[in-house]
4 protein chains.
Amino acid sequence: MPPTGVAEKALRLTEMIRENLSKVDEGELDGLIRALLRTIGSGKIFVVGAGRSGLVGRAFAMRLMHVGFSVYVVGETVTPALKPGDVLIAISGSGETRYPITIAQEAKKIGALVVAVTSFPNSTLGSLADAVVTIGGRVVPRGQKDYEARQIMGIHEPLTPLGTLFELSAMVLLDAVIAEMVHLLGKSEEDLANRHATVE
Amino acid sequence: MPPTGVAEKALRLTEMIRENLSKVDEGELDGLIRALLRTIGSGKIFVVGAGRSGLVGRAFAMRLMHVGFSVYVVGETVTPALKPGDVLIAISGSGETRYPITIAQEAKKIGALVVAVTSFPNSTLGSLADAVVTIGGRVVPRGQKDYEARQIMGIHEPLTPLGTLFELSAMVLLDAVIAEMVHLLGKSEEDLANRHATVE
Amino acid sequence: MPPTGVAEKALRLTEMIRENLSKVDEGELDGLIRALLRTIGSGKIFVVGAGRSGLVGRAFAMRLMHVGFSVYVVGETVTPALKPGDVLIAISGSGETRYPITIAQEAKKIGALVVAVTSFPNSTLGSLADAVVTIGGRVVPRGQKDYEARQIMGIHEPLTPLGTLFELSAMVLLDAVIAEMVHLLGKSEEDLANRHATVE
Amino acid sequence: MPPTGVAEKALRLTEMIRENLSKVDEGELDGLIRALLRTIGSGKIFVVGAGRSGLVGRAFAMRLMHVGFSVYVVGETVTPALKPGDVLIAISGSGETRYPITIAQEAKKIGALVVAVTSFPNSTLGSLADAVVTIGGRVVPRGQKDYEARQIMGIHEPLTPLGTLFELSAMVLLDAVIAEMVHLLGKSEEDLANRHATVE
């Protein structure tokens, strides 16, 4: 059977993610990794995002827990007080999503270190963060609706509607961060499995 | 600046996803798409998964909602009764995760159509499902711990610990399913944006 | 066995709830009920709250779904766009919690009707709402920390720490609203059971 | 204004809770409190429940965190592996809800201590638990649908449909357990406020 619609679209998505991730800045990633490492033994990591960015953040948080970090998702039941010196990872493709911006503002006031993961380092979220990891995917300047920009650009069939390319790229990149952490901390897959939820 | 650790790892992950997705069966994907389409106007879609597979399922459910489907995540607050003729999408790399299996068994009893998304079509979950979408990633036979199998196979540094490769591949593939739905139903990006949460 | 610590405390809590609920204003409750009823057939209800107030909101939302309303929890996966004419129920004891305030402000801009459930009708949340249901429990004026106020008032052993009395009272009162809805709409317990989640 | 529908119903609900809680066994509550205390310094508490019982469990877990316990909700993002010696609190009015039963069975196999909070100590959940806290509210024997039993009993207007009375009573009783913990551990309201989420 010759490949038709969906499998082909999946390969095109993968190609788009690859091209998108080829532009990430290793220096920015170093900043994220150093922020995470400094919490060991003395601080906590908090993750926040709305919608699918929030789900990507949760997937990242779960693996950080498996690796051994003290990590929480903003808004979940057992999330304690964020304190000075803690680290907040705020994820928003546009950098203009109200919820992570509000949380990031409060975290800054408390004295936490804020790392933004966004397509726009000059967005509201990017501008208030202490460090930024820039991941492309949002093809529009902020303030402008995605579909309007795409229509102007002549992109008629949305293969990656809304934040899809940003979200997929962030999911892959943050799993590469996990792989780097596993390497840096000398963890084995068994170590991770040992912390993985046994009742779920 | 030459590429170092994380960016390089991200590109290797993307390559692994691409290779993994090159093996998916378009006929199986057709089965998933037909199952989803048959709910239009008369039924509901339910999504279930544990851990990161559950997060991938939620990301899929959110986009299905944007496209216009009546869709729910098992365990969330407003999820109503599943009825005969509804469709359950159950996601588990190993196909042996207790929670989605339990839900799938109950869904079968009620008379719903169950589609499993798994690396193992002959697993417990795959065997009880009406249709399966096979996505590689779990490199071990069921019943055997991942890390044991990897150690036997000489894989020492876990770039894709636990279910990572399955989860990333499923995330991309299910977004390709969304793109196909957008195409089949003639939706524009504006249609999706119009249903996207306005308060979050 | 004579009653000792916990059972006795539970009865004292119940007594505090009863006394607290004896002061609610039936007119305010009418406003809430009319707001909910006007969504039937044409609109959606959204519920928002942070922390334990958010959990009380979810318990209320679940029963509204059982009764037959189209209801969503802000921040959950399948929550669609809030539109003009929809109703937002925002729950906050102090009326100063940032998250429900932010959501309520956005809802107002969109043209939704906002009902605040709070101890302080003149709080930020209460002031911006179209209707308020006042439930006591927060014994302090806004801006002042609970425990400081309690120390001033000489309450040394916190039987109802933080928002406990407000949350318990709201949980009971909103279940009374459900009972009233069941009565007004002529629903039987079987109707509710018929919509209750069958897989969970 | 004379009291009409809702406020009156709320007072009747409070009266039903009070009567229901007057029957709880202090010895059973001692068992729960000892189970919780033994985790201090060496173990973790896990909480599980489906539907509104799950929300009551979360409200309890949040306060246990405020008091200083190491506590997790089964199914949330950062919930780690349950280990031998940990404690599982499983909440189900009927004691026959599949999800908490499944989790409790797995927890027993791992070697955790299971405490059931249920109306039926002889239910499946109650029978497999190491300790039970019995809270009335479910007026029917297990296996029988609530509304059938109520019709037989001539209860025509459901003031407390489905598990309402159990859930409300459990919410109040578990807050009395929190008050007892605050007393036993010599915590002040300030201690709790100090751990309460600062970004949410």
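The present account deals with the structure reproduced in this document. Treat the numbers as computed from the prediction; the structure is a model and nothing was measured. (Residues numbered from 1 in each chain as written. Chains lettered and ligands numbered in written order. Predicted model: local features only at pLDDT ≥ 70, side-chain atom pairs only at ≥ 80, totals over all residues. Heavy atoms only, no water.)

Describing the sheet that holds strand β2 (residues 71–73) of chain B
All names here are of chain B. The strand order across the open sheet built from 5 strands is β2-β1-β3-β4-β5, with neighbouring strands paired in parallel fashion. The open sheet has two edge strands, β2 and β5 (131–134), and neither has a second partner. Taking each pair of neighbouring strands and ignoring which way they run, the sheet shows an average axis angle of 20 degrees. Inspection of the sheet shows strand β3 (residues 87–91) paired to strand β4 (residues 113–118) by 5 bridges, in the parallel sense. Each bridged residue has a counterpart across the sheet, and for leucine 88 the counterpart in β4 is valine 114. Against the sheet, helix α3 (residues 51–67) contacts β1 (45–49), β2 and β3, and its axis sits at roughly 160 degrees relative to β1. (Pairing = 2+ DSSP bridges. Helix = DSSP H or I, 4+ residues; strand = E, 2+ residues; numbered from the N terminus. Axes fitted to C-alpha atoms, helices over the stretch in contact; angles between N-to-C directions. Contact = heavy atoms within 4.5 Å.)

Section: helix α2 (residues 26–37) of chain C
Compared with the 16 Å implied by 1.5 Å per residue over 12 residues, the 16 Å span of α2(C) between its first and last C-alpha is a close match. Along α2(C), the residues classified as buried are C:Glu26, C:Leu29, C:Gly31, C:Leu32, C:Ile33, C:Ala35 and C:Leu36. (Expected span 1.5 Å × (residues − 1). Buried < 20%, exposed > 50% of the residue type's maximum accessible area, 1.4 Å probe, protein only.)

Side note on the packing of helix α3 (residues 51–67) of chain C against helix α7 (residues 164–184) of chain C
For any two helices packed against each other, the geometry comes down to the angle between their axes and how far apart the axes lie. Residues and elements named next belong to chain C. Contact geometry of α3 with α7 gives a least axis separation of 9 Å together with a crossing angle of 10 degrees. In terms of axis orientation, α3 runs roughly parallel to α7. Within the contact between the two elements, α3 uses Arg52, Ser53, Val56, Ala59, Phe60, Arg63, Leu64 and Val67 and α7 uses Thr164, Phe166, Glu167, Ala170, Met171, Leu174, Asp175, Val177, Ile178, Met181 and Val182. For the contact of α3 with α7, a count of residues per class yields 13 nonpolar, 2 polar and 4 charged. (Parallel < 35°, antiparallel > 145°, perpendicular 65-115°, else oblique. Nonpolar A, V, L, I, M, F, W, Y, C, P; charged D, E, K, R; others polar.)

Some words on the relation of the copies chain D and chain C
Here chain D sits on chain C after a turn of 180 degrees about the axis and a move of 0.0 Å along it, with an RMSD of 0.0 Å. Considering both components of the superposition, the chain copies are consistent with a two-fold axis. Minimal C-alpha distance to the rotation axis in chain D is attained by D:Leu55, lying at 2.9 Å. Comparing interface residues between copies, 100% of those in chain D also sit at the interface in chain C, which points to an isologous, same-surface contact. (Least-squares fit on C-alpha atoms with pLDDT ≥ 70 in both.)

Description of the relation of the copies chain A and chain B
The transform that puts chain A on chain B rotates by 180 degrees and translates by 0.0 Å along the axis, for an RMSD of 0.0 Å. Interface overlap between copies is the fraction of interface residues in one copy that are interface residues in the other; for chain A against chain B it reaches 100%, indicating a shared surface.

Points about the packing of aromatic side chains
Applying the stated criterion across every chain, the model contains 6 aromatic pairs over all chains. Ring geometry for A:Phe46 versus A:Tyr72: centroids 5.9 Å apart, planes at 40 degrees, classification tilted. Here A:Phe46, found in strand β1 (residues 45–49), pairs with A:Tyr72, found in strand β2 (residues 71–73); they are 26 residues apart in sequence, far enough to count as distant. Given a relative accessible area of 14%, A:Tyr72 falls into the buried group. For the pair B:Tyr99 and D:Tyr99, a centre-to-centre distance of 5.2 Å together with 45 degrees between the ring planes defines the contact as tilted. Note that B:Tyr99 is positioned in helix α4 (residues 98–110) and D:Tyr99 in helix α4 (residues 98–110), a pairing that runs across two chains. Given the relative accessible area of 14%, B:Tyr99 is considered buried. (Phe/Tyr/Trp six-rings, centres within 6.5 Å; stacked < 30°, edge-to-face > 60°.)

Re the environment of D:Gly41
With respect to the helices, strands and loops of the structure, D:Gly41 is situated in the loop between α2 (26–37) and β1 (45–49). Taking C-alpha positions, D:Gly41 is 8.8 Å from D:Phe69, a pair spaced 28 residues apart along the chain.

So, the interface of chain D and chain C
Every contact between the two is made by 64 residues of chain D and, on the other side, 64 residues of chain C. Buried area between chain D and chain C, both sides added, is near 5500 Å², and the carbon and sulfur share of it is 70%. Scanning the region where chain D abuts chain C turns up 6 salt bridges. The residue D:Arg52 makes a salt bridge to C:Asp175 at a minimum N-O spacing of 2.6 Å. The element best represented in the side of chain D that touches chain C is helix α7 (residues 164–184) of chain D, accounting for 13 residues. Residue composition of the side of chain D that touches chain C, grouped by class: 33 nonpolar, 15 polar and 16 charged. (Buried area = accessible area lost by both parts, 1.4 Å probe. Salt bridge = Lys/Arg side-chain N within 4 Å of Asp/Glu carboxyl O.)

Concerning the environment of C:Arg52
Mapped onto the elements of the fold, C:Arg52 is located in helix α3. Residues C:Arg52 and C:Leu13, spaced 39 residues apart in sequence, show a C-alpha to C-alpha distance of 17 Å. Among all residues touching C:Arg52, those that are not within four sequence positions of it are C:Thr164, C:Glu167, D:Ala59, D:Phe60, D:Met62, D:Arg63, D:Met171 and D:Asp175.

Quick notes on the pairing of strand β3 (residues 87–91) of chain A
Residue and element names in this part refer to chain A. Burial within β3 is extensive, with 5 of its 5 residues counted as buried. Of the two faces of β3, the one holding Val87, Ile89 and Ile91 and the one holding Leu88 and Ala90 are both buried throughout. The pairing of β1 with β3 spans 5 bridges and is classified as parallel. Residue pairing for β3: isoleucine 45 is matched across the bridge by valine 87.

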